[in-house]
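The lines below spell out each chain.
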Amino acid sequence: MKKRRAVFITALLLTPIAALHAADTLKPARPNILLITADDMHWDSVGAYGCPVAATTPNIDRLAAEGFRFHYAFVPISLCTPSRQVMLSGNHSHQTQTREFTELERVGPALPDLLKQNGYYLANLNKQQDYYEWDIAITEAQSGFGRDVPFFKKAVGEIIATAKRQNQPWFIMANSNDPHRPFYNSAAELDNPQIKEFRKQGRLSRASREYRPDEVVVPGFLPDLPEVRGEFAEYYSSVRRCDDSVGGIIAALAESGQTTNTIVVFVSDNGISMPFAKLNCYQASVRVPLIVRWPGQIAAGKRDPFNLVSTLDLAPTLLELAGLPVPAYMAGRSFVPLLNGEAETNRDFVVGYYYNNLRQTKMYPEFTIQTRDWTYIYNPWVDGKTEVHNSDYTCSPTLLAMWKAAETVPSVRARVDFHKHRVIEELYDVRQDPYAYMNVATAQENVERVKAMRLQLLAWMQEAKHPAAKLMADPFNKELIAEYLAWEKANAVKQIEEVERLAKEHRVRPDALSKKALGK
Ligand SMILES: [Ca+2]
């Protein structure tokens, strides 16, 4: 372990010296960075994370065997674009004003900007194209909606070859659209006009293994109804197709001969698109698989079973691994010491949040503190009458089946009712209740715990200058709740106007505004 640490220290010490000579031909050797994201993949859908279904991710498992994986990794927000924006900016959603699909305020240069300034060739497949000066950005329309497995390998191979010709280190952000809805071979996938077109062109890849309903396990946070099981069979086939894409990307890297000089990160952007998961603040919403591989530099096959990390930390971590300084304006902090086997200090929780559905002004702000053993959630929008609307899965066979079953099955009715209305405070004992059924926020034995977790949220909000900070100091004050919700709504209206203005000026793609284009 000491030896490995020494490698980093040496690299950091040498960088400024090497930089002195950088003006000529002697460029400092920077590692390449390959950031692979899955879309809406539940944390334990990966075999290496204990997936209960067989052989879902052989390629990602190989990556885990060759790399370092975090058992407790979280995203701060369970929504696609904001989550990826957190990864790239190292800042929280409210700091960059990325509550929805467009970043409106730059805190400072983000990871791609800083890498570009240091000579990197930047490439992006599928997502996050509006904000950075990518040397090449491949759209969903070009990539077969992220469902064309051979395309990933070919594109990554060509990008690496281009960077090599230009003698540049590279940063590739390769985003699979799997296992995002519409799921594999579902009616919604087969009926989607764009996907239909790709299918005609022979670009809709088959998964290398397709799952039948009797082969899958429905996670405990959902009832095991036939329609739910049917969707999970489609979902796991999507997971497998994502894994096929990851395999192609890794093969392209291997064929380029640059494996040893490339840091590979695999991460999901949020939990599965299902009730009590995506677009919420439960563990199933914000917990993700996170694997880092750098042969010879980061211990292979190691698992960190203890420390909590957030994808907020990715940008600072990758900057440090690349031997670059981490700017003070980034809210995340590098987890390089953890990769070196050191214990983390001063972090026994991570924060999370959620605000609203895509391009809507009705807000459902939720905030969470996640620890290894507890999930605390504060829902200021809850008033006993308002019904939550999570656009992503409202018409899903799963939710429709739950509504139907609720007519006759009391336990499902209770679950459906709770999902609709919630309560203002939730607390779950993750060890005893991993699927968040028993809200113990008001239990006498948890009074001090809840108080402490509220204070953790308050301290974070104060430090990160969150507009809910005043409310969090007095979380049941109805006037403060109304004031905060009015602020969020006004801000959402302002954001939509700003996005429309930017689209008119062609500073964001018009399809960033289209729900259809985003598969919503
Ligand atoms: Ca997503």
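Figured I'd write up the structure that's included with this text. These numbers were taken from a predicted model, which means no experiment stands behind them. (Residues numbered from 1 in each chain as written. Predicted model: local features only at pLDDT ≥ 70, side-chain atom pairs only at ≥ 80, totals over all residues. Heavy atoms only, no water.)

### Looking at the pairing of strand S5 (residues 170-175)
Thinking step 1. Along S5, six of the six residues are buried, which leaves the element largely enclosed by surrounding structure.
Thinking step 2. Pairing geometry for strand S1 (residues 32-38) and S5, over five bridges, is parallel. Within S5, the residue paired with Leu34 across the bridge is Ile172.
Thinking step 3. Pairing of strand S3 (residues 121-125) with S5 involves five bridges; the strand directions are parallel. Each residue of the ladder has a partner; that of Asn124, found in S5, is Met173. (Buried < 20%, exposed > 50% of the residue type's maximum accessible area, 1.4 Å probe, protein only. Helix = DSSP H or I, 4+ residues; strand = E, 2+ residues; numbered from the N terminus. Pairing = 2+ DSSP bridges.)

### What about the coordination of the calcium ion?
Working reference: metal with six octahedral donors, ideal angles 90 or 180 degrees; metal with four tetrahedral donors, ideal angle 109.5 degrees.
Thinking step 1. Listed as protein donors to the calcium ion are Asp39 (OD), Asp40 (OD), Cys80 (SG), Asp269 (OD), Asp269 (OD) and Asn270 (OD1); their distances from the metal cover 2.2 to 2.6 Å.
Thinking step 2. Around the calcium ion sit six donor atoms; with metal-centred angles ranging over 53 to 165°, the donor geometry is irregular.
Thinking step 3. Mapped onto the polypeptide sequence, the residues donating to the calcium ion form the spacing pattern D-D-x39-C-x188-D-N. Each member of the pair, Asp269 together with Asn270, is buried. (Donors = N, O, S within 2.8 Å, 3.2 Å for Na, K, Ca; no water. Tetrahedral: all angles 85-135°; square planar, octahedral: opposite > 155°, others 65-115°.)

### Focus: the sheet that holds S1
Thinking step 1. With respect to topology, eight strands assemble into an open sheet ordered S4-S3-S5-S1-S6-S7-S2-S8, the strand pairing being mixed. Both edges of this open sheet fall to strand S4 (136-138) and strand S8 (302-310), since each of them pairs with a single strand only. Taken pair by pair, the neighbouring strands of this sheet meet at an average axis angle of 15°, ignoring direction.
Thinking step 2. As judged from the three bridges shared by S3 and S4, these two strands associate in the parallel manner. Following the sheet pairing, Ala123 is matched in S4 by Ile136.
Thinking step 3. Here helix H2 (residues 58-66) sits on the sheet in contact with strand S2 (68-74), strand S6 (262-268) and strand S7 (287-293), set at roughly 60° to S7. (Axes fitted to C-alpha atoms, helices over the stretch in contact; angles between N-to-C directions. Contact = heavy atoms within 4.5 Å.)

### Things to note about the nonpolar core
Thinking step 1. Ranked by internal contacts, the top residues of the largest apolar core, which has 144 residues, are Phe171, Ile172, Phe232, Phe266, Leu290 and Phe367.
Thinking step 2. Here this core takes twelve residues from helix H9 (residues 226-256), the largest share from any one element.
Thinking step 3. In contact with Ile172, other than residues within four places in its own chain, are Ile33, Leu34, Leu35, Ala123, Leu125, Val156, Ile159 and Ile160. (Core = buried A, V, L, I, M, F, W, Y, C linked by side-chain atoms within 4.5 Å.)

### Describing the packing of aromatic side chains
Thinking step 1. Tallied over the full model, the rule gives 16 aromatic pairs.
Thinking step 2. Pairing Phe183 with Tyr235 gives two aromatic rings, centres 5.7 Å apart and planes at 75°, and the pair type is edge-to-face. Of this pair, Phe183 sits in the loop between S5 and helix H7 (187-191) while Tyr235 sits in helix H9, placing them 52 residues apart in sequence.
Thinking step 3. Judged by relative accessible area, Tyr235 falls into the buried class, the value being 0%.
Thinking step 4. Taking 6.2 Å as the distance between ring centres and 80° as the angle between the ring planes, the aromatic pair formed by Tyr355 and Phe367 counts as edge-to-face. You can see Tyr355 sitting in strand S9 (residues 350-356) and its partner Phe367 sitting in strand S10 (residues 363-370), a full twelve residues away along the chain.
Thinking step 5. Relative accessible area serves as the criterion here: at 0%, Tyr355 is assigned to the buried category.
Thinking step 6. Under the relative-accessibility criterion, Phe367 is labelled buried at 0%. (Phe/Tyr/Trp six-rings, centres within 6.5 Å; stacked < 30°, edge-to-face > 60°.)

### Some thoughts on the pattern of salt bridges
Thinking step 1. Scanning the model with the defined rule gives 29 salt bridges in all.
Thinking step 2. Notably, a salt bridge pairs Asp429 with Arg431, separated by 3.8 Å at the nearest N-O pair.
Thinking step 3. For Asp429, a relative accessible area of 10% puts it in the buried group.
Thinking step 4. Overall, the relative accessible area of 56% leaves Arg431 in the exposed class.
Thinking step 5. The shortest N-O distance in the salt bridge between Glu483 and Lys470 comes to 2.9 Å. With a gap of 13 residues between them, Glu483 in helix H17 (residues 478-504) and Lys470 in helix H16 (residues 469-472) connect regions that are remote in the sequence. (Salt bridge = Lys/Arg side-chain N within 4 Å of Asp/Glu carboxyl O.)

### Describing a nonpolar patch on the surface
Thinking step 1. Side chains of Tyr435, Tyr437 and Met438 sit close together on the surface and give an oily, nonpolar patch of about 340 Å² of accessible area.
Thinking step 2. Here Tyr437 shows up in the loop between strand S12 (425-429) and helix H15 (447-463). (Patch = residues over 30% accessible without salt bridge, like charges linked within 9 Å, V, L, I, M, F, W, Y side chains within 5 Å. Areas by Shrake-Rupley, 256 points an atom, 1.4 Å probe, with all protein chains shown as cover.)

### Examining the sheet that holds S10
Thinking step 1. Strand order across the open sheet formed by four strands is S9-S10-S11-S12, with antiparallel pairing between neighbours. Every other strand in the sheet has two partners, leaving S9 and S12 as the edge strands with one partner each. Pairwise comparison of adjacent strand axes, ignoring direction, gives a mean angle of 15° for this sheet.
Thinking step 2. The pairing of strand S11 (residues 374-378) with S12 spans five bridges and is antiparallel.

### A short note on the packing of helix H13 (residues 397-406) against helix H14 (residues 410-421)
Thinking step 1. At a minimum axis distance of 7 Å, the contact between H13 and H14 shows a crossing angle of 125°. Here H13 is positioned oblique relative to H14, judged by the angle of their axes. Crossing hand, H13 versus H14: left-handed. Residues Met402, Trp403, Ala405 and Ala406 of H13 lie in contact with H14, whose contacting residues are Val412, Arg413, Arg415 and Val416.
Thinking step 2. Counted by class, the contact of H13 with H14 contains six nonpolar, no polar and two charged residues. (Parallel < 35°, antiparallel > 145°, perpendicular 65-115°, else oblique. Left-handed = near helix turned anticlockwise from the far one by under 90°. Nonpolar A, V, L, I, M, F, W, Y, C, P; charged D, E, K, R; others polar.)

### Considerations on H13
Thinking step 1. Along H13, the residues that are buried comprise Thr398, Leu399, Ala401, Met402, Ala405 and Ala406. One side of H13 holds all its buried residues, which, seen down the axis, span an arc of 160°.
Thinking step 2. Buried residues in H13 make contact with H9 and H14. (Arc of directions from axis to C-beta.)

### Thoughts on helix H3 (residues 80-89)
Thinking step 1. The buried fraction of H3 amounts to ten of the ten residues, a majority that puts the element mostly inside the structure.
Thinking step 2. Within the span of H3, buried status applies to Cys80, Thr81, Pro82, Ser83, Arg84, Gln85, Val86, Met87, Leu88 and Ser89.
Thinking step 3. Looking at the residues trailing H3, positive phi occurs at Gly90, about 70°.

### Some details on the environment of Ile138
Thinking step 1. Summarising the element assignment, Ile138 is placed in strand S4.
Thinking step 2. Expressed as a C-alpha distance, the spacing of Ile138 and Ala73, which sit 65 residues apart in the sequence, is 28 Å.
Thinking step 3. When near neighbours in sequence (up to four residues on either side) are disregarded, Ile138 contacts Asn124, Leu125, Asn126, Gln129, Ser143, Phe151, Ala155 and Ile159.

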